[in-house]
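Okay, here's what each chain looks like letter by letter:
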Amino acid sequence: MNEKEILDKFKMQVAVSNFKNQSNNKHTLKEEINWRKYAMKKKLIAITCGVVLVISGGVFAYNKIIPSFRFGKGLDRAIENGYIATPEMDYISSETTLIDTKTNITLDNINVDAKIEDFIMDDITIGAHFGFEIDTKINETIDLDRIEQIDLDDLIVTDENKNILYCLDKETFEKYCSDNNLNYQYGEFNEHFYNCGVNSIMTYHSKNTGLVNLTLNMYSAGENFPKCKKLNFNFSKIKLTTNDIELVLNGNWNMNFNVPEEIYRRSSIAYKVVSCENPDFNVTNATLTNTGFEIGINISNMPRPIYPEDLKNLEDKALKGEISFDEYNKIVNDNKDIIEARQTFFYEDMMPIQTYDLENRKEPDFNKITYVENEKGEKFSTSRSAGRRQDANYKDGDIFHFYETFTLTKYDATDKLKVSVMFKHKPYIIELERVK
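Here's a quick rundown of the structure. The shown structure was predicted, so the numbers you read here are calculated from the model rather than taken from an experiment.

With that settled, the discussion passes to the overall build of the protein. Of the regular secondary structure elements, the protein holds eight helices and 24 strands. Relative to its 436 residues, the protein shows a buried fraction of 50%. When contacts within the protein are restricted to residue pairs at least 6 apart in sequence, long-range pairs at least 24 apart make up 67% of them.

What follows is the structure, encoded as structure tokens:
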């Protein structure tokens, strides 16, 4: 096994560890195409009794307190300025019959109402707040106060041009393509079928009222979403999970509504470099949108760091099974030299640009990180959104490619911006000017 393979395997372990800390985050479809379909065996099945379709318009919600989509400060700032849509729609009702395959208990005529309360969309993200009203007699089978997670496994989001913006279920994908005479291929991503990840957050549930609220954040890992004028959210399964029960309600909930002009006519502001303190920095992109500021930099004279031999040998032993991962973890957690070597390699050599203040997570020390500053003196750190555009990789030709999204939005834009890049713990200033 060569150095890169070893490094990649251990980087994946780090990624998995971070992933577990966000329990409801899902990989993009390309990374783990069958994850959602085969993660669990179904224990409870519900049978459809009705179908309802709603067609609604979309308007902006001003002067309204909106719960965060958890996309980060950039999108929250956009929402504060009215960059959010509220579909004019009533709850969609669908009666279901609930079957518990373990106990063989059947409940008839369980009414489940669903609606999208509001949504937001930019080039790479779609967020929606769902509200559900579930007949409380469902508590005879599953205690709604014990729900840990709610999922819409077969949700498909499309636009007026039959582009599939989001779909993780192969059966749903193929049915939609068949019904609409489309020759899209599952797993082949382009401007008609988007490779998406999803973050699912249940924000409220009540046994007494049957109310359940879900925040669903979808993000494109490839192409920019189109500037569509209509969105269609369709799903037939609502999965409720406790620590020992999984219930799937099969119904048919179809939601079609218009996208406000402010969203589908979204545009960006380009900036050009006026000056740069580091001659090795080549700015490849500087773009400001309603929801964030993106900058790309290629840094020359940056050969890929050599992985320390001691770490390579130790990790190679663990990968070959010569020592267990428990033994490996004990060594790396107890040996000060190993701890220092790993931290230096992963957090210094491999990440020469510092973007995150580990010691001050809520209020970062801007003297330690990379940030963007407008002419008002306001400073903006990097976005924490899972779907943000971000890259930090060594490329052939001794180039380090850096790309990051910051929380500065068009609502705080000025004609001139200053980017302070914390490169190897030294700040370098890039001055930018709006392209007229």
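So, next bit.
Now for the pairing of strand 14 (residues 230-241). Buried residues dominate strand 14, accounting for nine of its twelve residues. Direction of pairing for strand 9 (residues 149-151) relative to strand 14: antiparallel, over a ladder of three bridges. By the bridge assignment for strand 14, Asp 151 is matched with Lys 239. As paired elements, strand 10 (residues 156-159) and strand 14 share four bridges and run antiparallel to each other. Bridging across to strand 14, Thr 158 finds its partner in Asn 232. Pairing of strand 14 with strand 15 (residues 246-258), which is carried by eleven bridges, proceeds in the antiparallel orientation. When the sheet's bridge partners are listed, Leu 240 is paired in strand 15 with Leu 247. Hairpin connection between strand 14 and strand 15: a loop of four residues separates the two successive antiparallel strands.

On the secondary structure map, Asn 278 appears in the loop between strand 16 (269-276) and strand 17 (281-288). Only 2.9 Å separates the side chain of Asn 278 from the backbone nitrogen of Asp 280, close enough to count as a polar contact. Setting aside anything within four residues of it in sequence, one finds Asn 278 in contact with Phe 423 and Tyr 428.

All right, on to the nonpolar core then. In this structure, Phe 132, Phe 233 and Leu 240 are the most contacted members of the largest nonpolar core, which totals 54 residues. By residue number, the principal contributor to this core is strand 7 (residues 106-121), which donates seven residues. Excluding residues that lie within four positions of it along the chain, Phe 132 makes contacts with Tyr 91, Asp 113, Ala 114, Ile 150, Leu 152, Gly 210, Leu 211, Val 212, Leu 214, Phe 235 and Ile 238. Counting residues in each nonpolar core, the second largest holds 39 residues, with Tyr 307, Ile 323, Phe 402 and Val 419 among its members.

The grouping of Glu 309, Asp 310, Asp 337 and Glu 340 at the surface amounts to a negative patch. If you list the elements that add at least two residues to the negative patch, you get helix 6 (309-320) and helix 8 (336-349). Along the chain, Glu 340 falls in helix 8. The class of Glu 340 is exposed, set by a relative accessible area of 51%.

Counting across every chain of the model gives 21 aromatic pairs. Relative to Phe 257, the ring of Phe 233 has its centre 5.7 Å away and its plane inclined at 20 degrees; by these criteria the two rings are stacked. Linking Phe 233 in strand 14 with Phe 257 in strand 15, this pair joins segments that are 24 residues apart in sequence. With respect to burial, Phe 233 and Phe 257 carry one shared label: buried.

The subject of this paragraph is helix 3 (residues 73-80). Among all positions in helix 3, only Gly 74, Leu 75, Ala 78 and Ile 79 are buried. Take helix 3 and look down its axis: the buried residues cluster within an arc of 140 degrees, on one side only. Opposite its buried face, helix 3 presents the exposed residues Lys 73 and Glu 80, each directed more than 90 degrees away. One or two positions beyond helix 3, positive phi appears at Gly 82, with a value near 90 degrees.

Taken N-terminus to C-terminus, the directions of helix 7 (residues 325-334) and helix 8 make an angle of 90 degrees; their axes are 5 Å apart at the nearest point. It follows from the interaxial angle that helix 7 and helix 8 lie roughly perpendicular. Contact residues: helix 7 offers Tyr 328, Ile 331, Val 332, Asn 333 and Asp 334, while helix 8 offers Lys 336, Ile 338, Ile 339 and Arg 342. Residues belonging to the contact of helix 7 with helix 8 are distributed by class as follows: five nonpolar, one polar and three charged.

Glancing now at the sheet that holds strand 17. Ordered in space as 20-19-23-24-16-17-18-22-21, the nine strands form an open sheet in which the pairing is antiparallel. Lying at the two open borders of the sheet, with one neighbouring strand each, are strand 20 (379-380) and strand 21 (391-395). In this structure, strand 17 lies alongside strand 18 (residues 293-299), joined through seven bridges in antiparallel fashion. Across the sheet, Thr 287 pairs through a bridge with Glu 294, a residue of strand 18.

Cut-off values and rules
Residues numbered from 1 in each chain as written. Predicted model: local features only at pLDDT ≥ 70, side-chain atom pairs only at ≥ 80, totals over all residues. Heavy atoms only, no water. Helix = DSSP H or I, 4+ residues; strand = E, 2+ residues; numbered from the N terminus. Buried < 20%, exposed > 50% of the residue type's maximum accessible area, 1.4 Å probe, protein only. Contact = heavy atoms within 4.5 Å. Pairing = 2+ DSSP bridges. Polar contact = N/O pair within 3.5 Å; in protein donor to acceptor, adjacent residues only side chain to side chain. Core = buried A, V, L, I, M, F, W, Y, C linked by side-chain atoms within 4.5 Å. Patch = residues over 30% accessible without salt bridge, like charges linked within 9 Å, V, L, I, M, F, W, Y side chains within 5 Å. Areas by Shrake-Rupley, 256 points an atom, 1.4 Å probe, with all protein chains shown as cover. Salt bridge = Lys/Arg side-chain N within 4 Å of Asp/Glu carboxyl O. Lys, Arg positive; Asp, Glu negative; His and termini not counted. Charge placed at Lys NZ, Arg CZ, Asp CG, Glu CD. Phe/Tyr/Trp six-rings, centres within 6.5 Å; stacked < 30°, edge-to-face > 60°. Arc of directions from axis to C-beta. Axes fitted to C-alpha atoms, helices over the stretch in contact; angles between N-to-C directions. Parallel < 35°, antiparallel > 145°, perpendicular 65-115°, else oblique. Nonpolar A, V, L, I, M, F, W, Y, C, P; charged D, E, K, R; others polar.

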